[in-house]
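Here is how the chains run, residue by residue.
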Amino acid sequence: MSRGADAMAAGGKRVGLGGPLSRFTDALVEVEAAEASYVESVGGVKEQLIGAVATVHTGLPHPAFNLALSLDAEGQDVSVFLRRLEDTFAPRGLPFQVVCSPLSQPKDLEQLVR
């Protein structure tokens with residue numbers, strides 16, 4: 001079950017982490033999953049990290065194929081979290097991107113990445 005559709009309330013109303021925005025939340029989760037699946041479909045590898053998903057494609061050294069997404073650093077030291085992400089790509093000499101979305105945690109992660 002997706003993050004935005006984790007419960008049903010009486011009367012068939014949808015209740016979840018997204019609250020009134022649960023459809024939007026579900027769509028973001030699906031977009032992130034589709035991005036990772038696309039990279040896998042062209043020969044990349046999806047790596048599950050603590051608080052992130054990384055897609056790695058050593059044959060395509062471009063940030064569009066080497067990225068970290070589905071970011072959740074809540075409760076972690078963000079600088080250590082970001083170093084772990086970098087350590088996924090740097091030893092392979094791959095340019096990469098960190099994809100922050102409205103679901104990324106903590107809420108100010110995008111500012112911390114910059």
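Above this text you will find the structure in question.
Worth saying up front: this structure is predicted, and the values here are computed from it rather than measured.

Below, the discussion takes up the pairing of strand β3 (residues 45-49). As judged from the 5 bridges shared by β3 and strand β4 (residues 52-56), these two strands associate in the antiparallel manner. Looking across to β4, one finds that Val-45 is bridged to Val-56.

Tallying each qualifying case throughout the model produces 2 aromatic pairs. The interplanar angle of 10 degrees and the centroid separation of 4.6 Å between the aromatic rings of Phe-89 and Phe-96 together place this pair among those described as stacked. Given the relative accessible area of 0%, Phe-89 is considered buried. Accessibility expressed as a relative area gives 28% for Phe-96, which makes it partly exposed.

Along the chain, Gln-105 connects to Pro-106 via a cis peptide bond; the corresponding omega equals -5 degrees. Position of Pro-106 relative to the elements: it lies in the loop between β6 (97-98) and α3 (109-113). Of note, Ser-70 is a non-glycine position whose phi angle comes to about 55 degrees, a positive value. With respect to the helices and strands, Ser-70 occurs in the loop between β5 (67-69) and α2 (78-89). For Ser-70, a relative accessible area of 24% corresponds to the partly exposed category.

Thresholds, definitions, all that
Residues numbered from 1 in each chain as written. Predicted model: local features only at pLDDT ≥ 70, side-chain atom pairs only at ≥ 80, totals over all residues. Heavy atoms only, no water. Pairing = 2+ DSSP bridges. Helix = DSSP H or I, 4+ residues; strand = E, 2+ residues; numbered from the N terminus. Phe/Tyr/Trp six-rings, centres within 6.5 Å; stacked < 30°, edge-to-face > 60°. Buried < 20%, exposed > 50% of the residue type's maximum accessible area, 1.4 Å probe, protein only.

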